[in-house]
Amino acid sequence: MYIKTITPDDATGAVADIYKAEIDAMGRVMEATQCWSARPDMLVPIENLLHQMRDGFSLGLENFRLITLIVAKHVPSSYCSHVYFKSLSQMLGRDKTLAIQDDYRTAGLSDQQVAMLAYAEQITLDASRITEADIDALRSVGLTDLNIADIALAASFRNFLSRYFDAVGATVEPEFLDADPAVRARMAVGKQ
């Protein structure tokens, strides 16, 4: 980490509460959480927004994580690629997740999921090129305006988070690194 942050031992108030919840759930405080503590006034709203967006995501947790994996690849964010590869591998299996990260268009996903990920990818690469025709195409595969808004929120928020993590030097925790060096290299899409 490039910036000074609040350690779990030094945390008080709302920061301590967030850290405790993460320790209870994961056994540690992730650097992705700790890096916000340089601005403790931002930690609570950022965490609340992330949880509200993820927990209320209209297309479910799996699709939220799929969006994150694809966006992380194109930001590019090694940190988020490693973390979400690990979480999706536990949900979908390692080989399927590798296939999705490699090319989601040929990984056996539904037409709706492919359209969702193409939209998230375009948001990351150049959202200014998105047109009403692109939104109509999303509707044609059964996505509602709520779904489309959720995809745009998830992709845009991940862009923000991933870029911030790199900007302040957050590094991926060892437990999120795949045991296979070749897979680790594939997930190292950005900062090493």
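Refer to the structure printed above.
Each value, and the rule that gives it
- Residues numbered from 1 in each chain as written.
- Predicted model: local features only at pLDDT ≥ 70, side-chain atom pairs only at ≥ 80, totals over all residues.
- Heavy atoms only, no water.
- Helix = DSSP H or I, 4+ residues; strand = E, 2+ residues; numbered from the N terminus.
- Rg over C-alpha atoms; globule rule 2.2 N^0.38 Å.
- Buried < 20%, exposed > 50% of the residue type's maximum accessible area, 1.4 Å probe, protein only.
- Contact = heavy atoms within 4.5 Å.
- Areas by Shrake-Rupley, 256 points an atom, 1.4 Å probe, with all protein chains shown as cover.
- Salt bridge = Lys/Arg side-chain N within 4 Å of Asp/Glu carboxyl O.
- Patch = residues over 30% accessible without salt bridge, like charges linked within 9 Å, V, L, I, M, F, W, Y side chains within 5 Å.
- Axes fitted to C-alpha atoms, helices over the stretch in contact; angles between N-to-C directions.
- Parallel < 35°, antiparallel > 145°, perpendicular 65-115°, else oblique.
- Left-handed = near helix turned anticlockwise from the far one by under 90°.
- Core = buried A, V, L, I, M, F, W, Y, C linked by side-chain atoms within 4.5 Å.
- Polar contact = N/O pair within 3.5 Å; in protein donor to acceptor, adjacent residues only side chain to side chain.
- Phe/Tyr/Trp six-rings, centres within 6.5 Å; stacked < 30°, edge-to-face > 60°.

**Q** Which parts of the structure should I look at to understand the overall build of the protein chain?
**A** Counting its regular elements, the protein chain contains 10 helices and 0 strands. Taken from N to C terminus, the helices and strands of the protein chain fall in the order α-α-α-α-α-α-α-α-α-α. The C-alpha atoms of the protein chain give a radius of gyration of 17 Å, which matches the 16 Å a tight globule of 192 residues would have. With the C-alpha coordinates aligned to their principal axes, the bounding extent of the protein chain is approximately 50 × 35 × 30 Å. The burial tally for the protein chain puts 45% of its 192 residues in the buried class. Contacts in the protein chain between residues far apart in sequence, at least 24 positions, make up 70% of those at least 6 positions apart. For the protein chain, the exposed surface amounts to about 9,300 Å²; the carbon and sulfur share of it is 54%.

**Q** Quick question: what am I supposed to make of the pattern of salt bridges here?
**A** When their charged atoms lie close together, side chains carrying opposite charge are able to pair. In this structure the tally under the stated criterion is 13 salt bridges. Its salt-bridge partner being Arg 28, residue Glu 173 comes within 3.5 Å of it at the nearest N-O pair. Taken as a pair, Glu 173 in the loop between helix H9 (145-168) and helix H10 (181-187) and Arg 28 in the loop between helix H1 (13-26) and helix H2 (31-34) lie far apart in primary sequence, 145 residues in all. Given the relative accessible area of 3%, Glu 173 is considered buried.

**Q** Would you mind showing me how to read a nonpolar patch on the surface here?
**A** On the surface, Met 1, Tyr 2 and Ile 3 cluster together to form a nonpolar patch covering roughly 280 Å² of accessible area. The residue Met 1 is located in the segment before H1 in this model.

**Q** Is there a simple way to explain the packing of helix H7 (residues 111-126) against H9 in this structure?
**A** Helix-helix packing: each pair is described by the crossing angle between the helix axes and the interaxial distance. Viewed as axis vectors pointing N to C, H7 and H9 meet at an angle of 45°, and their least axial separation amounts to 9 Å. On the basis of the axis angle, H7 is oblique to H9. The interaxial crossing formed by H7 with H9 has right-handed handedness. Along its contact with H7, which presents Met 116, Tyr 119, Ala 120, Ile 123 and Thr 124, the element H9 presents Ile 148, Ile 151, Ala 152, Ala 155, Ser 156, Asn 159 and Arg 163.

**Q** Quick question: what am I supposed to make of the nonpolar core here?
**A** Generally speaking, soluble globular proteins have nonpolar side chains that are buried together. Ranked by internal contacts, the top residues of the largest apolar core, which has 58 residues, are Ile 67, Ile 151 and Phe 165. With 10 residues, the single largest contributor to this core is H9. Setting aside chain neighbours within four positions, we find Ile 151 in contact with Phe 57, Leu 59, Ile 67, Met 116, Tyr 119, Ala 120, Ile 123 and Leu 143.

**Q** In this structure, what is going on with the side chain of Asp 178? I would like to understand it.
**A** Its place among the elements puts Asp 178 in the loop between H9 and H10. Within the structure, Asp 178 has its side chain in polar contact with the backbone nitrogen of Asp 180 (distance 2.9 Å). Ignoring any residue separated from it by four or fewer positions in sequence, one finds Asp 178 in contact with Phe 85, Arg 94, Val 183 and Arg 184.

**Q** Would you mind going over the packing of aromatic side chains with me for this structure?
**A** In this description, a pair of aromatic rings is defined by centroid distance and the angle of the planes. In this structure the tally under the stated criterion is 6 aromatic pairs. Taken together, a centroid distance of 5.7 Å and an interplanar angle of 40° make the contact between Trp 36 and Phe 160 tilted. Here Phe 160 lies in helix H9 and Trp 36 lies in the loop between H2 and helix H3 (40-55), a separation of 124 residues in the sequence. With a relative accessible area of 41%, Phe 160 lands in the partly exposed category. Centroid distance Trp 36 to Phe 165: 6.5 Å. Interplanar angle 70°. Geometry classified as edge-to-face. Linking Trp 36 in the loop between H2 and H3 with Phe 165 in helix H9, this pair joins segments that are 129 residues apart in sequence. Neither residue differs from the other here; Trp 36 and Phe 165 are each classed as buried.

Just geometry here; none of it tells us what the structure is for.
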